[in-house]
Amino acid sequence: MDLDELVKRFQRKDVMAFEQLYGMYWENICGAIHVVVRDKYMAEEICQDVFTKVWHNAETYNPSKGRFFTWVLNIARNAAIDKVRSKSYKNQKKNLSADYFVGILNRADDIEEKDENPIDISALKAMVLDLKQKCLEIIEMLYFKGYTQKETSKQLDIPLGTVKTRNRSCISKLRENITVGWK
Amino acid sequence: MEVEKYIESGILELYVAGVLSEEENFEVYQNAQKYPEIKKEILAIEDAILKLTKSVSPQLMLPKGFEDIRVRIGERKATKVVQMPKEEKTNWAAYTGWAAAILLGLGLFWLYTQNNELKSDVKVVEEQNQVLEQQIFEARGSLANTEELLNDLRDKDVAVISLGGQEVSPESYAKAYWNKRENKVFIDAQGLPEPPDGMVYQVWSLKLDPLTPTSMGLLEEFETDDNKIFILNNPNESEAFGITLEPAGGSETPNLEQLYTLGAVSSS
């Protein structure tokens, strides 16, 4: 079935349509949250919360404002960042630094040793290993942290327009790697 | 509109990231509807982001999945979830409760039997008390009798007559206490042997000149009488008392061959 049609049915509170959408996106949404909170059980819990919220706020989605996945991703980012900023999270994970996605590769070995989040990052490595640090940073900010263009430009100390073009080239590189890897 | 240039600007990547303004979003949306290349490019970018995010998904052995979502959105009650982990846990509260109940039951049963034992003990003691009371009552009665008897014998009007043993039984003796005023004779037969089966002692009042015996009565139940003192009526002007052994029921006239004791009333 066509995604647009599925989303319309979901917005009319069709549970079966919602189940299909969940099946399509739950791993991605949980992954995005996981990068931020760095605890797979915590990530799953927030992820389920996010989909519950998505169901209850179905009518607020409007296709003219963006992609359905983007809408869900935005809700997930907010939930994950809220969690990370919470007192309970800070008490629990105070030794972790503020970098999320960028650090995941650097920390990979460390993480596996601690057996805290033993995930298979081979796919991730294949996708991003030859990406430059500045690419990893900009992808993290825009897709995982939900920074605006302005915030990103300020954070990376680059002109506003450069955010757009640099991100474009970084994503292109990512797509290239994926195409190679998946073929 | 130069579609290629639009795509190269990088706005579509930001559109997928969801960081554009509302106006920009609407613009991209409209262009995507208009230009299939733009739509295709958006899908390609989204696909890359989907693969990237999927690669960092928490790899769980048993993801909660959509069943959990159904429960959360109220489409299904959490029946499955409740059942599983319960059985393995030892329900100490329940066990403790049962143990306490059993102990209480045993305790109550023990108390019940104890109480019954006490009750039967009390009953036994009560019975023993009754026996003792009876004995005391009897003893008191016996004492009263004895005192009464003693008073009777000490009466100043009582004449004491010793009855000595005769040929049949020289060791035998008896005493007669005669209250002339009340016409009563107390025979103390302590010194007589037990009569043989089918025989009974008979007491006689005697007039000596001529010898005239008058029966005063039998010493009935001689063996079982404790103090061997028998009270008989004697309205006669007796000069002597004699005791003979007679067949059960007594005789009209005394068998003098079986005269055990005899004593004369002193004239004074």
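Refer to the structure presented above.
Cut-offs applied
- Residues numbered from 1 in each chain as written.
- Chains lettered and ligands numbered in written order.
- Predicted model: local features only at pLDDT ≥ 70, side-chain atom pairs only at ≥ 80, totals over all residues.
- Heavy atoms only, no water.
- Helix = DSSP H or I, 4+ residues; strand = E, 2+ residues; numbered from the N terminus.
- Buried < 20%, exposed > 50% of the residue type's maximum accessible area, 1.4 Å probe, protein only.
- Contact = heavy atoms within 4.5 Å.
- Pairing = 2+ DSSP bridges.
- Axes fitted to C-alpha atoms, helices over the stretch in contact; angles between N-to-C directions.
- Buried area = accessible area lost by both parts, 1.4 Å probe.
- Salt bridge = Lys/Arg side-chain N within 4 Å of Asp/Glu carboxyl O.
- Disulfide = S-S within 2.5 Å.

Section: the overall build of chain B
Turning to step 1, where the next piece is worked out: When you go through chain B residue by residue, the secondary structure sums to seven helices and eight strands.
Turning to step 2, where the next piece is worked out: The buried share among the 268 residues of chain B stands at 34%.
Turning to step 3, where the next piece is worked out: Residue pairs in contact within chain B that sit at least 24 positions apart in sequence constitute 58% of those at least 6 positions apart.

Some points on the sheet that holds strand 5 (residues 211-218) of chain B
Residue and element names in this part refer to chain B.
Turning to step 1, where the next piece is worked out: Strand order in the open sheet made by the eight strands is 5-4-7-8-1-2-3-6, with antiparallel pairing throughout. A strand with exactly one partner marks an edge of an open sheet, and here the two such strands are strand 5 and strand 6 (229-233). Sheet twist, expressed as the average angle between the axes of neighbouring strands with direction ignored, equals 25°.
Turning to step 2, where the next piece is worked out: Against the sheet, helix 7 (residues 92-154) contacts strand 1 (158-165), strand 2 (174-179), strand 3 (184-188) and strand 6, and its axis sits at roughly 110° relative to strand 3.

Points about helix 5 (residues 65-72) of chain B
Turning to step 1, where the next piece is worked out: Where helix 5 of chain B is concerned, the buried positions are B:Gly65, B:Phe66, B:Asp68, B:Ile69 and B:Arg70.
Turning to step 2, where the next piece is worked out: Against helix 2 (15-37) and helix 3 (40-56) of chain A lie the buried residues of helix 5 of chain B.
Turning to step 3, where the next piece is worked out: Of the residues trailing helix 5 of chain B, B:Gly74 is marked for its positive phi of about 80°.

A word on the interface of chain A and chain B
Turning to step 1, where the next piece is worked out: Listed as interface residues are 58 residues of chain A and, on the opposing side, 48 residues of chain B.
Turning to step 2, where the next piece is worked out: Summing the contributions of chain A and of chain B, the shared interface buries around 4900 Å²; its carbon and sulfur component is 62%.
Turning to step 3, where the next piece is worked out: Its largest share of buried area at the contact with chain B, chain A owes to A:Arg67, A:Lys164 and A:Arg168, together 14% of the area lost on that side.
Turning to step 4, where the next piece is worked out: One can count eleven salt bridges joining chain A with chain B.
Turning to step 5, where the next piece is worked out: The shortest N-O distance in the salt bridge between B:Glu8 and A:Arg168 comes to 3.3 Å.

Let's talk about the state of the cysteines
Residue and element names in this part refer to chain A.
Turning to step 1, where the next piece is worked out: Summed over all chains, the structure comprises two disulfides over all chains.
Turning to step 2, where the next piece is worked out: With a sulfur-sulfur separation of 2.1 Å, Cys30 is cross-linked through a disulfide to Cys47. When the S-S torsion is -90°, as for the bridge of Cys30 with Cys47, the disulfide is left-handed. Remark: Cys47 occurs in helix 3 and Cys30 occurs in helix 2; sequence separation between them is 17 residues.
Turning to step 3, where the next piece is worked out: Given the relative accessible area of 1%, Cys30 is considered buried.
Turning to step 4, where the next piece is worked out: Paired through a disulfide, Cys135 and Cys170 show a sulfur-sulfur distance of 1.8 Å. The disulfide joining Cys135 to Cys170 has a torsion of about -85° about its S-S bond and is therefore left-handed. You can see Cys135 sitting in helix 8 (residues 133-144) and its partner Cys170 sitting in helix 10 (residues 160-181), a full 35 residues away along the chain.

A few points about the pairing of strand 4 (residues 199-208) of chain B
All names here are of chain B.
Turning to step 1, where the next piece is worked out: The buried fraction of strand 4 amounts to seven of the ten residues, a majority that puts the element mostly inside the structure.
Turning to step 2, where the next piece is worked out: Strand direction decides the pairing type here: strand 4 and strand 7 (residues 240-247), joined by eight bridges, are antiparallel. In the sheet register, Met199 faces strand 7, and the bridge partner there is Pro247.
Turning to step 3, where the next piece is worked out: Relative to strand 5, strand 4 is paired through seven bridges, and the arrangement is antiparallel.

Function cannot be read off these values alone, since they describe shape.
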